[in-house]
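Next come the chains, spelled out residue by residue.
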Amino acid sequence: MSAANAMSAANGMSPATRVRDDDLFQYVLRMGDLSLVLGQRLGEWVGHSPALEEDLGLANIALDLIGQARLLLGYAGEIEGRGRDEDKLAFLREQGEYFNPILAEQPNGDFGRTIVRQVLIDAFQLELYEWLTASSDGQLAEIAAKAVKETRYHLRYSGGWLVRLGDGTVESRARVSSALESLWSYTAELFAEDAVDRAMAERGIGPRLADVQKAWNARIDALLAEATLDRPLDRPYSWFGKQGAHSEHLGYMLAEMQYMQRTYPGARW
Amino acid sequence: MEDKHQWPLYEVFIRSRGGLDHKHAGSLHAADAPMALEHARDLYTRRQEGVSIWVVRSTDITASDPADADSLFEPARDKVYRHPTFYDIPDEVKTL
């Protein structure tokens, strides 16, 4: 919150003078939710990773993502102008009010499945943030400038693992192949453009998702080739996490994440 | 013979800032050198401890045997004239 406030002060824009902008609010909220949900999922690995070194690696990425979520949700709260700060947005929204793509909330599964989910989202966030560094929205551009450096490292980490596992042993290859096959259909949602995405693109705030998809395809295809994995076939798509319709998994995750604030409202430490 | 169920050990050296030398920071397990670099980044530079990292397989280090300490290091003990203690060091030199 404080960091986001500082940024808006630097831009000469105070929350009070900003005209409420529902499209921008929704757009920023979706990005914040993607980082928050994925960060929470990675946090579930702490104490359970295959090696101490990976435990720290995954936790590091989780903290980067939660840091991005703080900036984005804090900014979303300002745009909304109804007194909801990053904490209220994170801890007091129900499943249907979360707007992350469904891919982010998919359970960790084994390490290979977590890596596949991570690669698919890292590559998406990297394209998105790279574009957003030149966004016509100054605050979004600043957040993206910070996040893009983190995300480059995330993809380096997850992509490195995808190659090792895909081009690894018979078992590691079988596991990442099956994870890729089962998670692939969720990637279509990342590029399914709706009215909010179109409005943002028209105002120069966000990219055309078709452009993001093109760049994402090139990046993912190169990684899959290096990992000697086959690109799954695209399948019909019917997932709408970014419109609030989620899989059964998000509710359980939020129950755990929000438990403390809901049981002891306003608790601080 | 290498244990297939345990990643090999790497030694990590960190340069804390430009102009200083790399110092041994610790060790870690990794499957290969690029992974060792990433682990070193996550384990040893999370509080901005460094600007550069070296990793080297622990087995590639040839170490002196502590049992040889007497013959290796004792002979230097009575040769104080080898210490450059008779020079004045200018105040501007910070990292000698």
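Residues numbered from 1 in each chain as written. Chains lettered and ligands numbered in written order. Predicted model: local features only at pLDDT ≥ 70, side-chain atom pairs only at ≥ 80, totals over all residues.

### Regarding the overall build of chain B
A count of helices and strands for chain B gives two helices and three strands. Secondary structure elements in chain B, listed N-terminal to C-terminal, are β-β-α-β-α. Its C-alpha atoms give chain B a radius of gyration of 19 Å, more than 25% over the compact-globule value 12 Å for 96 residues. When its C-alpha atoms are laid out on the principal axes, chain B stretches across 55 × 40 × 15 Å. Each of the 96 residues in chain B was classed as buried or not, and the buried ones make up 17%. Partitioning the intrachain contacts of chain B with sequence separation of at least 6 by distance along the chain shows that 43% fall at a separation of at least 24. (Helix = DSSP H or I, 4+ residues; strand = E, 2+ residues; numbered from the N terminus. Rg over C-alpha atoms; globule rule 2.2 N^0.38 Å. Buried ≥ 20, exposed ≤ 12 C-beta atoms within 10 Å, placed from the backbone. Contact = placed C-beta atoms within 7 Å.)

### Side note on the overall build of chain A
Counting its regular elements, chain A contains eleven helices and zero strands. Shown N-terminal to C-terminal, the secondary structure of chain A runs as helices and strands in the order α-α-α-α-α-α-α-α-α-α-α. By the burial criterion, 44% of the 269 residues in chain A qualify as buried. The long-range share in chain A, meaning contacts at least 24 apart out of those at least 6 apart in sequence, stands at 76%.

### Comments concerning the interface of chain B and chain A
With twelve residues of chain B in contact, the opposing surface of chain A contributes eight residues. Elements that contribute at least two residues to the side of chain B that touches chain A include exactly strand 2 (22–29) and helix 1 (33–44) of chain B. If you tally residues by element for the side of chain B that touches chain A, the top one is helix 1 of chain B, at six residues. Residues that form the side of chain B that touches chain A fall into these classes: seven nonpolar, two polar and three charged. (Nonpolar A, V, L, I, M, F, W, Y, C, P; charged D, E, K, R; others polar.)

### Section: the sheet that holds strand 3 (residues 52–57) of chain B
All names here are of chain B. A sheet is described by the order of its strands in space; here three strands give the open sequence 2-1-3, paired in antiparallel fashion. Edge positions in the open sheet fall to strand 2 and strand 3, since each of these has one partner strand only. Here the strands of the sheet are splayed against their neighbours by 25° on average, with no regard to which way each runs. Inspection of the sheet shows strand 1 (residues 9–15) paired to strand 3 by six bridges, in the antiparallel sense. Looking across to strand 3, one finds that E11 is bridged to V56. Seen against the sheet, helix 1 touches strand 1, strand 2 and strand 3 and runs at an angle of roughly 130° to strand 3. (Pairing = 2+ DSSP bridges. Axes fitted to C-alpha atoms, helices over the stretch in contact; angles between N-to-C directions.)

### Notes on unusual backbone geometry
Phi at T228(A) is positive, roughly 55°, even though this residue is not glycine. Here T228(A) lies in the loop between helix 10 (209–226) and helix 11 (249–263). On the neighbour-count criterion, T228(A) (12 C-beta atoms within 10 Å) is exposed. One non-glycine residue, Q48(B), lies in the positive phi region at around 60°. Tracing the sequence through the fold places Q48(B) in the loop between helix 1 and strand 3. Classification of Q48(B) as exposed rests on a count of 8 C-beta atoms within 10 Å.

### What about helix 11 of chain A?
It helps to recall that an α-helix has 3.6 residues per turn; residues three or four apart then point in one direction. Under the 1.5 Å per step criterion, the end-to-end length of helix 11 of chain A is 21 Å for 15 residues, consistent within 8% with the ideal 21 Å. At M257(A), helix 11 of chain A shows its maximal bend, which comes to roughly 45°. (Expected span 1.5 Å × (residues − 1). Bend = angle between axes of the 7 residues up to and from the residue.)

### Side note on the nonpolar core
Core analysis: the largest hydrophobic core is formed by 66 residues, its most contacted members being V28(A), L72(A) and L162(A). With twelve residues, the top contributor of residues to this core is helix 6 (residues 111–132) of chain A. Among the nonpolar cores identified, the runner-up in size contains eleven residues, and I14(B), M35(B), I53(B) and V55(B) belong to it. (Core = buried A, V, L, I, M, F, W, Y, C linked by C-beta atoms within 7 Å.)

### Brief notes about the packing of helix 7 (residues 138–166) of chain A against helix 8 (residues 170–183) of chain A
Residues and elements named next belong to chain A. Packing of helix 7 against helix 8 leaves a shortest axis separation of 7 Å and a crossing angle of 125°. When the interaxial angle is binned, helix 7 and helix 8 end up oblique. Where helix 7 approaches helix 8, its residues L162, L165 and G166 are matched on the opposing element by S172, R173 and V176. When its residues are assigned to classes, the contact of helix 7 with helix 8 shows three nonpolar, two polar and one charged. (Parallel < 35°, antiparallel > 145°, perpendicular 65-115°, else oblique.)

### A word on the pairing of strand 2 of chain B
Residues and elements named next belong to chain B. In this sheet, strand 2 lies alongside strand 1 in antiparallel orientation, the contact comprising seven bridges. Its bridge partner lying in strand 2, R15 is registered against H22. Counting the residues that bridge the hairpin from strand 1 to strand 2 gives six residues, and of these G19 lies at a positive phi of roughly 95°.

### Points about the environment of R84(A)
All names here are of chain A. With respect to the helices, strands and loops of the structure, R84 is situated in the loop between helix 3 (52–80) and helix 4 (86–91). Given 17 C-beta atoms within a 10 Å radius, R84 is considered partly exposed. Counting along the chain gives 43 residues from R84 to E127, while the straight-line C-alpha distance between them is 29 Å. Not counting residues within four places of it along the chain, the set of residues in contact with R84 comprises G77 and L89.

In short, the description is geometric, and any link to function would need to be established separately.
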